[in-house]
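Tertiary structure, described
Each chain is listed here by its residues.
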Amino acid sequence: MAAIKVTPHIPAARPVFAAVIRPHRSLSRGSFQTLMWLSCLVTAAAGIPFLMLGFWPIVGFLVLDLTILYLAFRSNFRDAEGFEEVELTPLELLVRHVTPRGEEREWRFNPLWTRLTRENDDEYGLQRLALVSRGESLVIARELSPPERESFAEELSRALSRVKQGY
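Conventions adopted
Throughout, residues of each chain are indexed from 1 in the direction in which the sequence is written. Local features in this predicted model are restricted to residues of pLDDT 70 or higher, and side-chain atom pairs are both shown and tallied only at a pLDDT of 80 or more, whereas totals for entire chains, interfaces and linings draw on every residue. No hydrogens and no water enter the side-chain calculation; it runs on all heavy atoms of the structure. Like charges are joined within 9 Å and nonpolar side chains (Val, Leu, Ile, Met, Phe, Trp, Tyr) within 5 Å, but only among residues with over 30% relative accessible area and no salt bridge; these make up the patches. Computed with a 1.4 Å probe, the accessible areas rest on the Shrake-Rupley method; for each residue, only the protein chains presented here act as cover. Salt bridges are defined as contacts in which a side-chain nitrogen from Lys or Arg sits within 4 Å of a carboxyl oxygen from Asp or Glu. Each helix is a run of DSSP H or I of at least 4 residues and each strand a run of E of at least 2, with the numbering of both proceeding from the N terminus. If DSSP finds at least two bridges between two strands, the strands pair. Axes, fitted as lines to C-alpha atoms, cover a helix only where it is in contact. Angles between the N-to-C directions of the axes lie from 0 to 180 degrees. By definition, residues are in contact when any of their heavy atoms lie within 4.5 Å. Polar contacts here mean pairs of N or O atoms no more than 3.5 Å apart (in protein, one a potential hydrogen donor and the other a potential acceptor; neighbouring residues in sequence count only if both atoms are side-chain atoms). One less than the number of residues in a helix, times 1.5 Å, gives the span that helix is expected to have. Residue exposure (1.4 Å probe, protein chains only): buried if accessible area is under 20% of the type maximum, exposed if over 50%, otherwise partly exposed.

1. A look at a nonpolar patch on the surface
Together, Phe50, Leu53, Phe55 and Ile58 make up an exposed nonpolar region whose accessible area comes to about 380 Å². Within the fold, leucine 53 resides in the loop between helix 1 (29–52) and helix 2 (56–79).

Structure, rendered in structure tokens:
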């Protein structure tokens, strides 16, 4: 008869720090629909007089402008589907980057050998935040603004030092 070894759940594997970073978008989907309807109304109001005067090519260009505006916002919303996930446990630091197409890349670091490096600019604040371990460097939190990146760096630094001190 074979012996079965059951490993109990280790509570130390729970995350000490976890964050999901998504690109900031200032326009919600509902606001986008409102903007597009208003743009359509303005285009129609501006285009009808030109059409009545026989200047129909101008209406074509107005519709082309409207189409380009729609495609630009659609591309913007598609890019917003990507995200970056950072999770720190006492055993590992996991960074997972998911592109808008759903492609995933993962990096795993030992939190005891990992440090956080910052590049500050006096005028603009924290410009670059990177994890460094064993000569390998990984830039994180690119999608955050400098003040948000600073706050993120403070929290992650605090969590890393807690893990290094024995949690």
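Here the narrative resumes.
2. Remarks on the sheet that holds strand 7 (residues 136–140)
Within a sheet, adjacent strands bond to each other through the backbone by hydrogen bonds, running parallel or antiparallel. Taking strand neighbours across the sheet as the criterion, the three strands line up as 5-6-7 in an open arrangement whose pairing is antiparallel. For this open sheet the edge positions go to strand 5 (115–121) and strand 7, each flanked by a neighbour on one side alone. Strand-to-strand twist across the sheet, computed as the mean angle between neighbouring axes with direction ignored, equals 30°. Inspection of the sheet shows strand 5 paired to strand 6 (residues 125–133) by seven bridges, in the antiparallel sense. Residue pairing across strands places aspartate 121 opposite glycine 125, the latter belonging to strand 6. Where helix 3 (residues 146–164) meets the sheet, its contacts fall on strand 5, strand 6 and strand 7, and the angle it forms with strand 6 comes to roughly 30°.

3. Description of the side chain of threonine 114
Here threonine 114 is to be found in the loop between strand 4 (104–109) and strand 5. For threonine 114, the side chain forms a polar contact with the main-chain oxygen of asparagine 110, separated by 2.6 Å. With sequence-adjacent residues up to four places away left out, threonine 114 is seen in contact with Leu93, Phe109, Leu131, Val132, Ser133, Leu160 and Lys164.

4. Topic: helix 1
In a regular helix each residue adds 1.5 Å, so 24 residues correspond to 34 Å; helix 1 covers 34 Å between its end C-alpha atoms and thus fits that length. Phe32, Met36, Ser39, Thr43 and Gly47 are the residues of helix 1 that are buried. In the segment just after helix 1, glycine 54 is the residue with positive phi, at about 95°.

5. So, the sheet that holds strand 3 (residues 93–98)
Within the open sheet, the four strands sit side by side as 1-2-3-4. Their pairing is antiparallel. The open sheet is flanked by strand 1 (17–21) and strand 4, the only strands paired with a single partner. Strand-to-strand twist across the sheet, computed as the mean angle between neighbouring axes with direction ignored, equals 10°. One ladder, built from six bridges, connects strand 2 (residues 83–88) with strand 3; its direction is antiparallel. Note on strand 3: the bridge partner recorded for glutamate 84 is histidine 97. Lying on the sheet, helix 3 is in contact with strand 1 and strand 2; it crosses strand 1 at an angle near 150°.

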